[in-house]
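If you want the building blocks of each chain, they are given just below.
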Amino acid sequence: MTDTTQSYTGSVAEARQDNPMWSGRLAFILAASGSAVGLGNIWKFPYITGENGGGAFVMVYLLCIAAIGLPIMIAEVMIGRRGGRSPINSLRMLTQRDGLSSRWTWVGWMGILSSYLILSFYSVIGGWALSYVGKSAGGAFVGADSEAIGGMFGGLLSDPSNLMLWHSVFMALVIMIVARGLKSGMEKAINILMPLLFLLLLVMVGYALATSEFSHGVEFLFSPDFSKLTTEGVLTALGHAFFTLSLGMGVMMAYGSFLPKNVSIVKTAVTVSVVDTVVALLAGLAIFPLVFANGLEPGAGPGLIFQTLPLAFGQMTGGTLFATLFFFLLVVAAVTSAISLLEPVVEWLEEQKGISRLTGTLIGGLTIWALGILTVLSFNDWADVHPLAFIPAFEGKTFFDIFDYLTANILMPLGGLFIALFVGWFMNKQAVENELSLGHPALQSLLMFVLRFITPVLVLVVFLYNLL
Ligand code: PHE
């Protein structure tokens, strides 16, 4: 499926000169999938799938992508294109124009808060990936057994100063890129690097195919055992659909503002969602056979990919090169997502009087970096610090766990719920119709029905179930 995207973006690049409108479509697909594909697909999806028992969780996740994520992505892009500004101001403009309550702009503010919290831990995990580029290049995995590989990861986590170092390097990279503003040169680089990441994932799946446990891995991922699914697991799947597609916090709204009017929002949103989902499933297919072939624990938690993939790299020919390349590409994928997290914060700071882009990036970046220290400590010195233990949902949760839970399981679904309600019930009907221009009245009514009823009800039901 990514093949289609590749040839699609390829032909778009060729068509660029004679048809300037196309570049907007290309730019959108690149930016949106750059934001969507990241640590969420390769690091988070496999480990939460492992923690939640596999197949049934994956099924709920896929359902959430299709019935909730995709419609919300369409709605978000629509608001952004219609508003043509940063999320908060797009919402402000649309509500003013249609005489609606200005409270809707709160969705934009909530998005800024989510960006802040997510990036603070995202950067720490991006730092793990960075440190693994170095380990790989130094041949650290060659011939290592699972105990040695596990020891390496444990060693990294237990050393706060080392984690701080890599977290700082990652954040510095992101700050440097955002401070300069996005360059078309980077777009080009991403256009080559992301397909390469996809190819390498295919290589890893190929390797997994050769292990004795491939079918076990496939079964774990795709054959649902609903007795293993908890209500919290359902909420995690819902939250992950938002996290992995970068939804419910204005990122897709911001990117939608530069989508040309004649491009189909629906088709573009489908492309981005499919690419994102395929990458996640490939990561799962590469990892779980290794987990079983090496007698590891699928529910090992956030370290899962760092404890499985190096095993494979250590055994395969050319493993050192592949490992270095893989973790490098993982860093690139993480950086493009991180940019989309920092960008709205900076835009918002810039909108405050007299703050330049550089100052805004430094203020935003450095405060997020500082907040990241709480995540660094969550894996070592403060592993037993559970600051919100008095709230049942946060019992036993470290700062990292809390930031993760609060954003993916609460703030993003809530933002998405409001976005669906806004487009489904409040936004000017004619405007919505013009934006969608599906050409198929039946399809359009279906989408509106989903946005009005299905998506909000599903999100609410999952929420309420977990509350009660
Ligand atoms: N979607 C990104 C990922 O999967 C994370 C992200 C979330 C990026 C929210 C932007 C906004 O890694």
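Everything below is about the structure printed above this text.
Residues numbered from 1 in each chain as written. Predicted model: local features only at pLDDT ≥ 70, side-chain atom pairs only at ≥ 80, totals over all residues. Heavy atoms only, no water.

Asks: For this particular structure, what's the right way to read the overall build of the chain?
Replies: Along the chain, the regular secondary structure elements total 19 helices and zero strands. Against the 2.2 N^0.38 benchmark of 23 Å for 468 residues, the chain shows a C-alpha radius of gyration of 21 Å, consistent with a compact globule. Dimensions of the chain, computed from the C-alpha atoms along their principal axes, are close to 65 × 55 × 45 Å. For the chain, the share of sequence-separated contacts (at least 6 apart) that also reach a separation of at least 24 residues comes to 80%. Surface summary for the chain: the accessible area is close to 18,300 Å², and the carbon and sulfur share equals 66%. (Helix = DSSP H or I, 4+ residues; strand = E, 2+ residues; numbered from the N terminus. Rg over C-alpha atoms; globule rule 2.2 N^0.38 Å. Contact = heavy atoms within 4.5 Å. Areas by Shrake-Rupley, 256 points an atom, 1.4 Å probe, with all protein chains shown as cover.)

Asks: For this particular structure, what's the right way to read the packing of aromatic side chains?
Replies: Any pair of aromatic rings gets described here by the distance separating the centres and the angle formed by the planes. With the rule as written, the count across this model stands at 31 aromatic pairs. For the pair Trp-128 and Phe-379, a centre-to-centre distance of 5.1 Å together with 75° between the ring planes defines the contact as edge-to-face. Of this pair, Trp-128 sits in helix H6 (residues 106–137) while Phe-379 sits in the loop between helix H16 (357–378) and helix H17 (399–426), placing them 251 residues apart in sequence. The burial state of Trp-128 is the same as that of Phe-379; both residues are buried. Above the face of the Trp-425 ring, Arg-452 is positioned so that its terminal group lies 4.2 Å from the ring centre. (Phe/Tyr/Trp six-rings, centres within 6.5 Å; stacked < 30°, edge-to-face > 60°. Buried < 20%, exposed > 50% of the residue type's maximum accessible area, 1.4 Å probe, protein only. Lys NZ or Arg CZ within 6 Å of the ring centre and 35° of its normal.)

Asks: Just to check I follow, could you spell out the side chain of Ser-337 for this structure?
Replies: Within the secondary structure, Ser-337 sits in helix H15 (residues 319–351). Relative accessible area serves as the criterion here: at 3%, Ser-337 is assigned to the buried category. Side-chain polar atoms of Ser-337 contact the backbone oxygen of Gly-34, separated by 3.3 Å. For Ser-337, the contacting residues outside a window of four places in its chain are Gly-34, Ser-35, Val-37, Gly-38 and Tyr-122. (Polar contact = N/O pair within 3.5 Å; in protein donor to acceptor, adjacent residues only side chain to side chain.)

Asks: Looking at this structure, I do not really get the environment of Ala-312. What am I missing?
Replies: Examined against the element boundaries, Ala-312 turns out to sit in helix H14 (residues 304–315). Distance in space between the C-alpha atoms of Ala-312 and Gly-143 is 9.4 Å, their sequence separation being 169 residues. If we ignore the near neighbours within four places in the chain, the residues touching Ala-312 are Met-204, Tyr-207 and Leu-290.

Asks: Could you clarify how one ought to interpret helix H19 (residues 441–467) in this entry?
Replies: For an α-helix, 3.6 residues make a turn, and residues three or four places apart therefore share a direction. With 27 residues, H19 should cover 39 Å at 1.5 Å per step; its first-to-last C-alpha distance of 38 Å lies within 8% of that length. A bend of about 45° at Val-450 is the largest found in H19. In the core, the buried residues of H19 are packed alongside helix H4 (55–83), helix H11 (231–244), H17 and helix H18 (429–436). (Expected span 1.5 Å × (residues − 1). Bend = angle between axes of the 7 residues up to and from the residue.)

Asks: When you look at the site of the ligand in this model, what are you seeing that I'm missing?
Replies: Around the ligand sit 16 residues in total, of which Ala-36, Gly-40, Tyr-122, Phe-243 and Ser-246 are the nearest. Interatomic distance of 3.4 Å between a side-chain N/O atom of Asn-41 and an oxygen atom of the ligand. Measuring from a nitrogen atom of the ligand, one finds a backbone N or O atom of Thr-244 at 3.2 Å. Protein coverage of the free-state accessible area of the ligand, which is 320 Å², stands at 100%. A class-by-class count of the residues in the shell around the ligand yields eight nonpolar, eight polar and no charged. (Near = heavy atom within 4 Å. Nonpolar A, V, L, I, M, F, W, Y, C, P; charged D, E, K, R; others polar.)

Asks: Explain the environment of Leu-235 here, please?
Replies: Within the fold, Leu-235 resides in helix H11. The class of Leu-235 is buried, set by a relative accessible area of 2%. Leu-235 sits 156 residues away from Ile-391 along the chain, and the two C-alpha atoms are 17 Å apart. If near-sequence neighbours (up to four positions away) are discounted, Leu-235 is found in contact with Tyr-405, Asn-409, Val-462, Phe-463 and Asn-466.

Asks: Explanation requested: the nonpolar core in the structure shown.
Replies: If you look at the biggest cluster of nonpolar residues, it comprises 158 residues, and the most contacted ones within it are Trp-128 and Phe-326. If one sorts the elements of this core by residue count, helix H13 (residues 265–293) sits on top with 18 residues. Residues contacting Phe-326, with those up to four places away along its chain left out, are Ile-42, Leu-197, Leu-200, Leu-201, Leu-309 and Phe-313. (Core = buried A, V, L, I, M, F, W, Y, C linked by side-chain atoms within 4.5 Å.)

Asks: It is not clear to me how the environment of Ser-35 should be interpreted in this structure. Could you clarify?
Replies: Among the secondary structure elements, Ser-35 is positioned in helix H2 (residues 20–36). Taking the C-alpha atoms as reference, Ser-35 lies 7.8 Å from Ile-339; in sequence the two are 304 residues apart. Ignoring anything within four residues of it in the chain, the contact list for Ser-35 reads Ser-246, Val-251, Met-252, Tyr-255, Thr-336, Ser-337 and Ser-340.

Asks: For this particular structure, what's the right way to read the packing of helix H3 (residues 39–51) against H14?
Replies: For the pair H3 and H14, interaxial distance at closest approach is 9 Å and the crossing angle is 105°. Taken together, the axes of H3 and H14 lie roughly perpendicular to each other. Counting all contacts with H3, which are made through Ile-42, Trp-43, Pro-46 and Tyr-47, the residues of H14 involved are Leu-304, Ile-305 and Phe-306. Along the lines of polarity and charge, the residues of the contact of H3 with H14 split into seven nonpolar, no polar and no charged. (Axes fitted to C-alpha atoms, helices over the stretch in contact; angles between N-to-C directions. Parallel < 35°, antiparallel > 145°, perpendicular 65-115°, else oblique.)

Asks: Would you take a moment to explain a nonpolar patch on the surface for this structure?
Replies: On the surface, a cluster of nonpolar side chains totalling about 520 Å² of accessible area is made up of Trp-425, Phe-426, Phe-449, Phe-453, Ile-454 and Leu-458. At the level of elements, H17 and H19 are the ones that each hand at least two residues to the nonpolar patch. The element contributing the most residues to the nonpolar patch is H19, with four residues. Following the sequence through the fold, Ile-454 ends up in helix H19. (Patch = residues over 30% accessible without salt bridge, like charges linked within 9 Å, V, L, I, M, F, W, Y side chains within 5 Å. Salt bridge = Lys/Arg side-chain N within 4 Å of Asp/Glu carboxyl O.)

Asks: Hey, could you run me through the pattern of salt bridges in this one?
Replies: When the charged atoms of two side chains lie near each other, side chains of opposite charge can form a pair. Counted under the stated rule, the structure contains six salt bridges. Between Lys-44 and Asp-404 there is a salt bridge, with the nearest N and O atoms lying 2.8 Å from each other. Of the two residues, Lys-44 sits in helix H3 while Asp-404 sits in helix H17, which places them 360 residues apart along the sequence. On the basis of relative accessible area, Asp-404 is assigned to the buried category, the value being 15%. One network of salt bridges, with partners in common, ties together Arg-81, Lys-261 and Glu-435.

Asks: What exactly am I supposed to notice about H6 here?
Replies: Taking 1.5 Å of rise per residue, 32 residues should cover 46 Å, and H6 covers 46 Å from first to last C-alpha, within 8% of that figure. In H6, a bend of some 25° at Leu-119 exceeds every other bend along the element. With 25 of its 32 residues buried, H6 lies for the most part within the structure. Backbone geometry just after H6 places Gly-139 at a positive phi near 70°.

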